[in-house]
Amino acid sequence: MAATPAGPEREATADRLLASSLRTSYDPTVEIDWAAPHVPGAYWLPPHRSSLYGTRLWDGMTEEQRVTLTRHEVASAASAGVWFETILMQMLIRHYYDADPTSRHAQYALTEVADECRHSVMFGRLIEAMGCPVYRAGRWDQALGRFLKTTATGPQMYAAILIAEEVLDAFQREIMADESLQPLIRMVSRIHVVEEARHVRFAREEVARQVAAAGPVAMAYARLLIGRAAYSISNRLVHPAAYAAVGIPPGVGRAAARANPHWRATLRWSAARVYDHLASLDLVAGPGRALWRRAGLI
């Protein structure tokens, strides 16, 4: 599919984002002290954002186990971040393939790819520094990722980008402001929030343009694929294997999290902004809306 020509408003947005990229871009391999010792007893995630907070399993843990669980939950989210950013980069490169390389819009798409390359390195270094495994996507999510990166265009491409970016952004904004948490995760979150703000602006404007150009059949397909992407992103935040790090069988931990009203409230909180935006564009309806609900995001 040929790229939509870059109009004056599209170019003006891209020009502002390119200027912002020059002012505030970071190299995490330089900006972060990866060798710094971790603060004993400090959480990696606000305790009330843990998937098991408020459950009997949480009440039965020692303080050390609770800290350990949040460390592995962060590693799981970082693993999901690397997975989705790899998909995102490939979608943007496909978008760029048909674009005018002299346009600021195309140049910003490449700039975002460069940002995401650094973010993926940063998340990989974070997982390594925490001493956690990489929590990889399951078979069905891997298949969805391959499908998205190969075929996604139009509203579903930019909506999927927004869901992943804004859900993680909600957690990271809270993390970076919480001085009780580990300094390492606060710094990683700060860098990601600053640079992702540009990506969110780019995707929000682009999804609105794509919706305006889409017909009824394309919109129906987009709603379904967006709902499946929302379900996959929510489901990937905490890998069941993360619970094994504190001696909880993965299936038991996953079931407790799904039934946990605190965690379900956290999921809705994390998705509230992106849900409102996509719903206002008529991208959350029909079978796709049922997938949002099944994901616990609404």
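Everything below is about the structure shown above.
All values reported here derive from a predicted model rather than from experimental measurement.

### Overview of the packing of helix H7 (residues 154-176) against helix H9 (residues 216-236)
- Following both chains from N to C, one finds H7 and H9 inclined at 25 degrees, their axes separated by 9 Å at the closest point. When the interaxial angle is binned, H7 and H9 end up roughly parallel. As for the relative orientation of H7 and H9, their crossing is right-handed in sense. Together, Pro155, Gln156, Ala159, Ala160, Ile163 and Ala164 of H7 and Tyr221, Ala222, Leu225, Ile226, Ala229, Ala230 and Ile233 of H9 make up the contact between the two elements.
- Taken together, the residues of the contact of H7 with H9 break down into 12 nonpolar, 1 polar and no charged.

### As for the nonpolar core
- Counting residues in each nonpolar core, the largest one holds 89 residues, and the members touching the most others are Leu52, Leu126, Ile163, Leu278, Leu283 and Trp292.
- Here this core gets 13 residues from one element, more than from any other, and that element is helix H4 (residues 63-97).
- For isoleucine 163, the residues in contact, after removing those within four places along its chain, are Ile226, Ala230, Ile233, Val274, Leu278 and Trp292.

### Remarks on the packing of aromatic side chains
- Tallying each qualifying case throughout the model produces 7 aromatic pairs.
- Between phenylalanine 171 and tryptophan 269, the ring centres sit 5.4 Å apart and the planes meet at 85 degrees, which makes this aromatic pair edge-to-face. In this pair, phenylalanine 171 sits in helix H7 while tryptophan 269 sits in helix H11 (residues 261-280), placing the two residues 98 residues apart along the sequence.
- Overall, the relative accessible area of 30% leaves tryptophan 269 in the partly exposed class.

### Notes on the packing of H4 against H7
- Where H4 contacts H7, the axes come no closer than 11 Å and their chain directions differ by 150 degrees. Between H4 and H7, the interaxial angle falls into the category roughly antiparallel. In the crossing of H4 with H7, the sense of the turn from one axis to the other is left-handed. Where H4 approaches H7, its residues Ala77, Gly81, Phe84, Leu88, Met91, Leu92 and His95 are matched on the opposing element by Met157, Tyr158, Ala160, Ile161, Ala164, Glu165 and Leu168.
- When its residues are assigned to classes, the contact of H4 with H7 shows 11 nonpolar, 2 polar and 1 charged.

Conventions adopted
Numbers given for residues are sequential positions, taken from 1 along each chain in its written order. In view of the model being predicted, local features appear only for residues whose pLDDT reaches at least 70, and side-chain atom pairs are presented and counted only at 80 or more, with totals across whole chains, interfaces and linings using the full set of residues. Side-chain metrics rest on all non-hydrogen atoms present in the structure, leaving aside hydrogens and water. Axis lines are fitted to C-alpha atoms, over the contacting stretch for helices. Their N-to-C directions set the angle, which ranges from 0 to 180 degrees. Numbering goes from the N terminus for both helices and strands, where a helix is a DSSP run of H or I of at least four residues and a strand is a run of E of at least two. Roughly parallel covers angles under 35 degrees, roughly antiparallel covers those over 145, roughly perpendicular covers 65 to 115, and oblique covers all other angles. Should the near helix be turned anticlockwise from the far one by less than a right angle, the crossing is left-handed, and should it be turned clockwise, the crossing is right-handed. Two residues form a contact once any of their heavy atoms are found within 4.5 Å. When residues are sorted by character, Ala, Val, Leu, Ile, Met, Phe, Trp, Tyr, Cys and Pro go into the nonpolar class, Asp, Glu, Lys and Arg into the charged class, and all the rest, Gly among them, into the polar class. In this text, buried Ala, Val, Leu, Ile, Met, Phe, Trp, Tyr and Cys residues form a nonpolar core when linked through side-chain atoms within 4.5 Å. Buried residues are those whose accessible area, probed at 1.4 Å on protein chains only, stays under 20% of the maximum for their type, while exposed residues exceed 50% and partly exposed ones sit between those limits. In this scheme Phe, Tyr and Trp rings, the latter by its six-membered ring, pair at centre separations within 6.5 Å, and the angle between planes marks the pair as stacked below 30 degrees, edge-to-face above 60, and tilted otherwise.

The values are spatial; any link to function lies outside them.
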